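# Observations on chain architecture
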Amino acid sequence: MINIAIDGPGGAGKSTVAKILAKYLGYIYVDTGALYRTLGLAIDRAGRCPDSEEDAKKVCQNVTLELKYVGDSQKVFLDGEDVSELIRTPRISNYASRCSALPWVREFLLETQRSIASKNHVIMDGRDIGTVVIPEAQIKIYLHADVEVRAHRRYLELKEKGSDVTYESVLEEMKERDIRDSTREIAPLKRADDAIDVDTTKLDLEQSIKLITGIVEERLKYVL
Ligand code: DC
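Residues numbered from 1 in each chain as written. Predicted model: local features only at pLDDT ≥ 70, side-chain atom pairs only at ≥ 80, totals over all residues. Heavy atoms only, no water.

As a further point, take the site of the ligand. Close to the ligand lie 16 residues, the nearest being R37, R106, R177, D181 and R184. In this structure, an oxygen atom belonging to the ligand sits 2.7 Å away from a side-chain N or O atom of D181. Residue R184 places a side-chain N or O atom 2.8 Å away from an oxygen atom belonging to the ligand. Taking 440 Å² as the accessible area of the ligand by itself, protein coverage stands at 97%. Taken together, the elements giving at least two residues each to the shell around the ligand come down to α2 (33-45), α4 (90-99) and α8 (167-183). With three residues, α2 is the single largest residue contributor to the shell around the ligand. Here the shell around the ligand is built from residues that sort into three nonpolar, five polar and eight charged. (Near = heavy atom within 4 Å. Polar contact = N/O pair within 3.5 Å; in protein donor to acceptor, adjacent residues only side chain to side chain. Areas by Shrake-Rupley, 256 points an atom, 1.4 Å probe, with all protein chains shown as cover. Helix = DSSP H or I, 4+ residues; strand = E, 2+ residues; numbered from the N terminus. Nonpolar A, V, L, I, M, F, W, Y, C, P; charged D, E, K, R; others polar.)

See the structure below:
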């Protein structure tokens, strides 16, 4: 199977680029952040603390979490309910980042991710895909951009969905999440040694897609 890992901080453009690239190549796109977000939502709904391993265990062992593919888009279901949109709020970003620092939660989701990658050609995006989930991935990309640029993109996305967030609050939340995701003890966000570094600070979406598609096509020549 061909596995392409795209890691990087929030707002770097991972999911948008990965989705388009997956469609182009006919691969499955796996948004692993959605899994952590769904557990974050479950913990929030249960009124539990996202920093407590004991709380996370109690909640996660009693819910069902499913990834389904409808057309070419990934949907995530919590106890049978499609929560794909509900998990996109700043509050759930925070819960997801906090519960994702818990070793038990990471272990809980590891097998699901590995199993999808072992059975399909995938483009999987996240924080630890190239370092921990599929270190054997044939192509690894580390996608990043300055935090101000990433926050601005996320702010526009949320505004478009009708959210009344401010740019400052999105920037603060993003900085906080960057620090937590990259300093946690287990599987922190970091570039794999063999990942190709792509900085999208000065690129618009079209340029980012063009650049990454070019990199992937070039690498695939050696892999296939
Ligand atoms: O990619 P995202 O913003 O939807 O991810 C939400 C949170 O989930 C992120 O702040 C950290 C966590 N996450 C993770 O720890 N490992 C992954 N592979 C993907 C996401």
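Looking now at the nonpolar core. Within the largest apolar cluster, 23 residues are counted, with the highest numbers of intra-cluster contacts made by I87 and V105. Looking at this core, the elements that each hand over two or more residues are α2, α3 (53-60), β4 (73-78), α4 and α5 (103-119). For this core, the element with the highest residue contribution is α2, accounting for seven residues. Dropping the residues within four chain positions of it, V105 is found in contact with Y36, L39, A56, C99 and S100. L21, I123, I139 and V198 belong to the second largest nonpolar core, which has 21 residues in total. (Core = buried A, V, L, I, M, F, W, Y, C linked by side-chain atoms within 4.5 Å. Buried < 20%, exposed > 50% of the residue type's maximum accessible area, 1.4 Å probe, protein only. Contact = heavy atoms within 4.5 Å.)

Next up on the list: the sheet that holds strand β3 (residues 65-70). Ordered by their spatial adjacency, three strands build an open sheet running β3-β4-β5, and the pairing between neighbours is antiparallel. Looking at strand neighbours, the two that pair on one side only are β3 and β5 (81-82), the edges of this open sheet. Strands β3, β4 and β5 of the sheet are contacted by α2, whose axis makes an angle of about 25° with β4. (Pairing = 2+ DSSP bridges. Axes fitted to C-alpha atoms, helices over the stretch in contact; angles between N-to-C directions.)

The next point concerns helix α7 (residues 147-160). Under the 1.5 Å per step criterion, the end-to-end length of α7 is 20 Å for 14 residues, consistent within 8% with the ideal 20 Å. If you check which residues of α7 are buried, you get V147, R150, A151, R154, Y155 and L158. One side of α7 holds all its buried residues, which, seen down the axis, span an arc of 135°. Phi for G162, located one or two positions after α7, is positive at around 90°. (Expected span 1.5 Å × (residues − 1). Arc of directions from axis to C-beta.)

Let's shift gears to α4. Burial within α4 is extensive, with seven of its 10 residues counted as buried. On its buried face, α4 sits against α2, α5 and α8.

The final tally for this structure, using the stated rule, is zero disulfides. Cysteine C60 shares no disulfide, and the gap to the nearest cysteine sulfur, in C99, comes to 6.7 Å. (Disulfide = S-S within 2.5 Å.)

This part is about the packing of aromatic side chains. A full pass over the atoms with the stated rule returns two aromatic pairs. Both rings, one in W104 and one in F108, keep their centres 4.9 Å apart while their planes meet at 20°; by these two values the pair is stacked. Here W104 pairs with F108, and both are found in helix α5, just four residues apart, close to one helical turn. Given the relative accessible area of 31%, F108 is considered partly exposed. Judged by centre distance (6.3 Å) and plane angle (80°), the ring pair of Y155 and Y167 falls under edge-to-face. Taken together, the residues Y155 in helix α7 and Y167 in helix α8 connect sequence positions 12 residues apart. Taking the ring centre of F77 as reference, the NZ or CZ of K68 above it sits at 4.3 Å. A cation sits over an aromatic face here: R98 above Y95, 5.7 Å from the ring centre. (Phe/Tyr/Trp six-rings, centres within 6.5 Å; stacked < 30°, edge-to-face > 60°. Lys NZ or Arg CZ within 6 Å of the ring centre and 35° of its normal.)

With respect to the element layout, L25 can be found in helix α1 (residues 14-25). Here L25 falls in the partly exposed class, since its relative accessible area comes to 22%. Sequence-distant contacts of L25, defined by excluding residues within four places in its chain, comprise I4, I123, V216 and L220.

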